[in-house]
Amino acid sequence: MNAQSPCPCGNPKTFGQCCGRFLDGGQLAKTPEQLMRSRYSAYALGGYGDYLMRTWFPATAQGLDAASLSQRSLDWYRLEVLGKSQQGDKGTVEFRAYYHQDDAGDGVMHELSSFVRAGGRWLYVGGEVS
């Protein structure tokens, strides 16, 4: 994706100013919301399985691999952040992610994601999906 393109996460910044700076490994997310948005963009674009693995809390990433996570199984087209909180080295982000699947049409995933900061890096721990 071009650095000047709109960011897939829906932020009004360009991809290079928003999620691209994290996906390309140049910067670390400073907040749980930045990490969640960049992970959404990684899924939406595909090909960023290494990034997803690097930003996943190791204990909850067991059984996952970069090659599988790099595959685009859904067409993610919209992200809506519903709420966020951060207390020290823990945080949550509630969001809805909208997708299209050829066989089933449009759908939405609603998640309350949990994050932890370890060694100065925010990591995705897991989420409650409804």
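Residues numbered from 1 in each chain as written. Predicted model: local features only at pLDDT ≥ 70, side-chain atom pairs only at ≥ 80, totals over all residues. Heavy atoms only, no water.

Chemist: Any chance you could explain the sheet that holds strand 1 (residues 75-87) here in plain terms?
Modeler: Each strand in a sheet pairs with its neighbour through backbone hydrogen bonds, running either in the same direction (parallel) or in the opposite one (antiparallel). With antiparallel pairing, 4 strands are arranged side by side in an open sheet as 1-2-3-4. At either margin of the open sheet sits one strand with a lone partner, and together these are strand 1 and strand 4 (121-129). Geometrically, the sheet is characterised by an average inter-axis angle of 25 degrees between neighbouring strands, direction not taken into account. Running over the sheet, helix 2 (residues 32-45) touches strand 1, strand 2 (90-101), strand 3 (105-118) and strand 4 and is turned about 165 degrees from strand 1. (Pairing = 2+ DSSP bridges. Helix = DSSP H or I, 4+ residues; strand = E, 2+ residues; numbered from the N terminus. Axes fitted to C-alpha atoms, helices over the stretch in contact; angles between N-to-C directions. Contact = heavy atoms within 4.5 Å.)

Chemist: Would you mind going over the environment of arginine 21 with me for this structure?
Modeler: Among the structural elements, arginine 21 can be located in helix 1 (residues 20-23). Arginine 21 sits in the partly exposed class, given a relative accessible area of 21%. Beyond its immediate chain neighbours, meaning those up to four positions away, arginine 21 contacts Phe15, Gly16, Gly26, Gln27 and Gln34. Looking at arginine 21, its side chain comes within polar contact range of the main-chain oxygen of glutamine 17, at 2.8 Å. Within the structure, arginine 21 has its side chain in polar contact with the backbone oxygen of cysteine 18 (distance 3.0 Å). (Buried < 20%, exposed > 50% of the residue type's maximum accessible area, 1.4 Å probe, protein only. Polar contact = N/O pair within 3.5 Å; in protein donor to acceptor, adjacent residues only side chain to side chain.)

Chemist: What am I meant to see in the packing of aromatic side chains here?
Modeler: A complete count under the given rule lists 5 aromatic pairs for this structure. Geometrically, the ring pair formed by tyrosine 40 and tryptophan 76 is edge-to-face, given 6.3 Å between the ring centres and 75 degrees between the ring planes. Pair noted here: tyrosine 40 is in helix 2 and tryptophan 76 is in strand 1, with a separation of 36 residues, a long-range link. Like tryptophan 76, tyrosine 40 is buried. (Phe/Tyr/Trp six-rings, centres within 6.5 Å; stacked < 30°, edge-to-face > 60°.)

Chemist: Quick question: what am I supposed to make of the side chain of threonine 55 here?
Modeler: Relative to the helices and strands, threonine 55 resides in the loop between helix 3 (49-54) and helix 4 (66-70). At 2.8 Å, the side chain of threonine 55 forms a polar contact with the side chain of arginine 39. A distance of 3.3 Å separates a polar side-chain atom of threonine 55 from the backbone oxygen of leucine 52. With sequence-adjacent residues up to four places away left out, threonine 55 is seen in contact with Leu35, Arg39, Arg121, Trp122, Leu123 and Tyr124.

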